[in-house]
Structure formats: structure tokens, C-alpha cells
Amino acid sequence: CSSDLRKARRIVKQYGIDAVMVTAPPFSSFLITNALKREFPHLKLISDFRDDWLRFFLTTFDFQKSDQIRRQAVRIERETVERSSRVVVVTRLILEETRARYPEQPAEKFVCIPNGFDPAAFAGFRSRPHQQPGFVVAYVGTVYSTTSPRHYLDALDTLPGDVRLQVETRFIGRITDEQKPLLETRGSKVTVLGFMPQSAALRQMEEVDYLLLTMEDPTAATGKMYEYLATGKPILAVAPLDGEIGQVIQATRAGWCVDPHDRHGIADLLARAFDPGRTLLESFQPDQAAISAYERPRLARAFADLILG
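Residues numbered from 1 in each chain as written. Predicted model: local features only at pLDDT ≥ 70, side-chain atom pairs only at ≥ 80, totals over all residues. Heavy atoms only, no water.

J.: What's the story with helix 1 (residues 2–15) in this structure? I'm lost.
T.: Note on helix geometry: an α-helix contains 3.6 residues per turn, so any two residues three or four positions apart are oriented the same way. Its 14 residues give helix 1 an end-to-end C-alpha distance of 20 Å, which sits within 8% of 20 Å, the value for a rise of 1.5 Å per residue. Every buried residue of helix 1 is accounted for by L5, A8 and V12. On an axial view of helix 1, the arc spanned by its buried residues comes to 65 degrees, and they lie on one face. In helix 1, the exposed positions angled more than 90 degrees off the buried face are occupied by K13, Q14 and Y15. (Helix = DSSP H or I, 4+ residues; strand = E, 2+ residues; numbered from the N terminus. Expected span 1.5 Å × (residues − 1). Buried < 20%, exposed > 50% of the residue type's maximum accessible area, 1.4 Å probe, protein only. Arc of directions from axis to C-beta.)

J.: Just checking my understanding: could you explain the pattern of salt bridges for this structure?
T.: When their charged atoms lie close together, side chains carrying opposite charge are able to pair. Counted under the stated rule, the structure contains 23 salt bridges. One salt bridge in this structure joins R9 and E39, with 2.7 Å as the shortest N-O distance. You can see R9 sitting in helix 1 and its partner E39 sitting in helix 2 (residues 29–39), a full 30 residues away along the chain. A salt bridge links R186 to D154, with the nearest nitrogen and oxygen atoms 2.8 Å apart. One end of the pair, R186, is in the loop between strand 6 (167–172) and strand 7 (189–194); the other, D154, is in helix 6 (residues 150–157), with 32 residues separating them in the sequence. In this structure D154 comes out as partly exposed when scored by relative accessible area, which is 37%. (Salt bridge = Lys/Arg side-chain N within 4 Å of Asp/Glu carboxyl O.)

J.: Whenever I open this one, empty space enclosed by the protein confuses me. Can you help?
T.: Gaps left between atoms are located by rolling a probe of water-molecule size over the structure's atoms. Evaluated as defined, the whole model comprises two cavities of 30 Å³ or more. Its boundaries defined by the atoms lining it, the largest cavity holds a volume of some 40 Å³. If you go around the largest cavity, the residues you meet are F49, D51, D52, W53, E77, V89, I94, T98 and R101. Top element by residues in the lining of the largest cavity is helix 5 (residues 92–101). It accounts for three residues. Here the residues of the lining of the largest cavity are counted per class, giving four nonpolar, one polar and four charged. Approximately 30 Å³ is the volume attributed to the second largest cavity. In terms of lining, the second largest cavity is formed by Y152, L212, L236, A237, V238, I266, L269 and L270. (1 Å grid on protein atoms, 1.4 Å probe; cavity = no way out; pocket = protein on both sides within 12 Å on 5 of 7 lines; lining within 4 Å. Points joined across faces, edges and corners; volume = space filled by probe spheres on them. Nonpolar A, V, L, I, M, F, W, Y, C, P; charged D, E, K, R; others polar.)

J.: Explanation requested: the side chain of D209 in the structure shown.
T.: Within the fold, D209 resides in the loop between helix 8 (198–206) and strand 8 (210–214). With relative accessibility at 11%, the residue D209 sits in the buried group. Within the structure, D209 has its side chain in polar contact with the side chain of H130 (distance 2.7 Å). A polar side-chain atom of D209 sits 3.0 Å from a polar atom in the side chain of R278. Not counting residues within four places of it along the chain, the set of residues in contact with D209 comprises H130, G134, F135, V136, P234, R278 and L281. (Polar contact = N/O pair within 3.5 Å; in protein donor to acceptor, adjacent residues only side chain to side chain. Contact = heavy atoms within 4.5 Å.)

The structure is reproduced here in C-alpha cells:
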């Protein structure tokens, strides 16, 4: 950290830098920019939180769960917010939560710029039929406690045998040890493909009928959601309806969302999704204009406006 700070200090002096933007995680990056701001008070500091640190990050991941880490995080985040000209967060609910945490700070200091997708990465994406009867669902990304697919799999197991046996759910990405048992001995076919490069994952996504999105935290909008949007594939979301994912799904018409604790609602959605007549798939009409708002070039312009404004 000290060597990075020396390099940053040298760059600020050499090039007459007057604005600095820092993105986290890793949240240790804030230590460098806070030190720069102390040394160069004229700097316009824009601090970008891609994850909620104090409530989500510190309570979700085991390696972050200690009183000492929390005390340090609280201290560093407060200094970061106080020294920043703008504090950027990724969802509407996190914006409200962060502003409430620092009520003495001006409301206009806090800005929401969501995550998004790179349209160039999906320029060659082409949907194609899979080579099997029935339906294929894919979950792409890390499976951990907050994104557990247990509600989806439990509901799928309640469907009649002739329905669930027509469904294959593919998991692409890392699965934490605590979640692996949930995928075993299911009443439908579950295929674990493991981690793979993005290009290979996109190839897998081209042939699925649905993309599965699961989230327990109403304030979080997992990055996979935006890549899902870019594919144009229908999304089956099991997430709080009034949360960030539920609101985005509704606004973009990119699929269907059911609350994780609505067991009957999930089962009903899956029964309709896996109806042999495919009427649900035929009714799918996403709002492409709403989806395009999450393209990264558009989001980059929003950051440029903050830097130059």
C-alpha cells in the first residue's frame, strides 16, 4: 500500500491531477485515496462502491466476519465518505441505506450508477436450440449463501414427475462447499459444469431456454443480472419483488420474478415455464430500450459527467 501511495503521489504532482476516482472492492483502495486527499486537499475524490461494504460484504463472506475487520471498515468508510466529493453506489436501495448512514452529509453527494454489461462482448451472441427434449435452465456465476438456488430447486421438486423430468438445470461457475449438497439427489436433472471462460459460458447460454437468477438480499443486484439482460434470454428470478432485482426485471420486462419465500408462487411460475406448450416463452417481450440503459458506454458517460462536472 505504501509503494502504491508513493506512485500515486508522484503521478498527482507530475501531471497536475485534480480529480481521482477509486472503485472498490478491494476496499483497501480507499486507504490510498484518503491519504491522497489528506495531502492534496484540492483533489476531487469520487469513491465508487461496487458492493455495499458494511452490511452486505462483511456479513456474507466468512473471511470478512470479525469484529476487528468491522471496526476498521466502519472507520475507513466514514473517512472515505467524508473526504469524497461524490460517493457512487450501484443500486437505489443501497443509495438510500448509505445516505441514512451518514445523514450529516449533503444528499447530493450520493449518486447511483448501476452495474451493467459490455455490448461488444455480446455482439456475436446467437440463440440456438439445444439438442435435447424439454427445457434447459442455466445459472451462470458463483453460488453462495445469498444466491442459493435452494428455493428454485425445492419448488422444482414439487412439480409432477412428467414435468420436472423434462428440465435440466446447468450450473456454470464456482459453487461454495456449503451449497454443493443442495444440488445433489434432486428430482430433476442438475448438471454442474464448473468454472469456464466467459466465451465458453456465453456459448452455453446461447442454447438455454431460461436463465436462473437467485438472490436473498433485496438491496443487491448481482452482476450476472446485467449480462443476462444482454443475452435477450428470458430470466427466471427468485428474488424479493420490491428489491433491486425485482424492480429491474419488472422495468425491463426481461423475465419473471417471485419472492424467495413464496413457495407456491415459485412452483406456479415453474409449472408455467415448463409447460410443453411453451406459452410463457411465447409471451416474452423484453423492453430493449430499458435494457440498453445498462450498457457500459452509457454508464461510463455518467462517470465522466461526475468527474468533469
